Amino acid sequence: QVQLVESGGGLVQPGGSLTLSCAASGNILSMNPMKWYRQAPGKERELVATSTRTGSTYYADSVKGRFTFSRDNAKNTVTLHMNSLKPEDTAVYYCNANSRWSSDIYWGQGTQVTVSS
């Protein structure tokens, strides 16, 4: 059973930066795609960014140009570097992955990001 564990959340001031990590217990090359979601209180879960096995990345309009989705296949880890953070980026961020070989879907436990002065 694959597990995803997020880390790196915390409190940051507007305009600051934060990097989230998602460590997978399995080979991330067997996961396609991998995604970051976020959910703020009272709002529906939002897709933030997507990374394919071949390295293509896609971003929500709200974060495009500010967030960067990277992967380290050797470490079975993906990261979300968040730059120029805004208060509206405050949310619980979740790592998500689909198995390349089955219909299995994996979720991390989430990590809180708070952007506030």
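This text goes with the structure placed above it.
These remarks concern the structure in this document. (Residues numbered from 1 in each chain as written. Predicted model: local features only at pLDDT ≥ 70, side-chain atom pairs only at ≥ 80, totals over all residues. Heavy atoms only, no water.)

### Looking at the side chain of Asp89
Stage number 1. Examined against the element boundaries, Asp89 turns out to sit in the loop between strand S8 (77-82) and strand S9 (91-99).
Stage number 2. Among the polar contacts listed, one links the side chain of Asp89 to the side chain of Arg66, at a separation of 2.8 Å.
Stage number 3. Apart from residues lying up to four places away in sequence, Asp89 is in contact with Arg38, Val63, Arg66, Phe67, Ser84, Val113 and Val115. (Helix = DSSP H or I, 4+ residues; strand = E, 2+ residues; numbered from the N terminus. Polar contact = N/O pair within 3.5 Å; in protein donor to acceptor, adjacent residues only side chain to side chain. Contact = heavy atoms within 4.5 Å.)

### Things to note about the environment of Gly26
Stage number 1. Looking at the element boundaries, Gly26 is found in the loop between strand S3 (18-24) and strand S4 (31-39).
Stage number 2. For Gly26, a relative accessible area of 16% puts it in the buried group.
Stage number 3. Along the primary structure Gly26 and Gln3 are separated by 23 residues, whereas in three dimensions their C-alpha atoms are 7.4 Å apart. (Buried < 20%, exposed > 50% of the residue type's maximum accessible area, 1.4 Å probe, protein only.)

### Brief notes about the environment of Ala40
Stage number 1. Relative to the helices and strands, Ala40 resides in the loop between S4 and strand S5 (46-51).
Stage number 2. By relative accessible area, Ala40 is classed as buried at 18%.

### Comments concerning the sheet that holds strand S7 (residues 67-72)
Stage number 1. The antiparallel open sheet is built from four strands, whose spatial order is S1-S3-S8-S7. If you trace the sheet from one side to the other, it starts and ends with strand S1 (4-7) and S7, each paired once. The mean inter-strand angle of the sheet, taken between neighbouring strand axes irrespective of direction, is 15°.
Stage number 2. Bridging between S7 and S8 involves six bridges; their strand directions are antiparallel. When the sheet's bridge partners are listed, Phe69 is paired in S8 with Leu80. (Pairing = 2+ DSSP bridges. Axes fitted to C-alpha atoms, helices over the stretch in contact; angles between N-to-C directions.)

### Section: the pairing of S8
Stage number 1. Bridge count for S3 against S8 is six bridges, and the pairing is antiparallel. Among the inter-strand pairings, Ser21 is bridged to a residue of S8, identified as Thr79.
Stage number 2. Remark: four residues form the turn of the hairpin made by S7 and S8, two consecutive strands paired antiparallel; Asn76 in that turn has positive phi of roughly 50°.

### Section: unusual backbone geometry
Stage number 1. The linkage connecting Asn32 with the following residue, Pro33, adopts the cis geometry, with an omega of -5°.
Stage number 2. Residue Asn76 is not a glycine yet carries a positive backbone phi of 50°.
Stage number 3. Tracing the backbone shows Asn76 in the loop between S7 and S8.
Stage number 4. At Ser84, a residue that is not glycine, the phi angle is positive and equals roughly 50°.
Stage number 5. Mapped onto the elements of the fold, Ser84 is located in the loop between S8 and S9.
Stage number 6. Classification of Ser84 by relative accessible area gives partly exposed; the value is 32%.

### Digging into the state of the cysteines
Stage number 1. Using the criterion set out here, one finds one disulfide in the structure.
Stage number 2. The disulfide bridge from Cys22 ends at Cys95, spanning 2.1 Å between sulfur atoms. With the S-S dihedral at roughly -85°, the linkage between Cys22 and Cys95 falls on the left-handed side. One end of the pair, Cys22, is in strand S3; the other, Cys95, is in strand S9, and 73 residues separate them in sequence.
Stage number 3. According to the relative accessible area criterion, Cys22 is buried, its value standing at 1%.
Stage number 4. A relative accessible area of 0% places Cys95 in the buried class. (Disulfide = S-S within 2.5 Å.)

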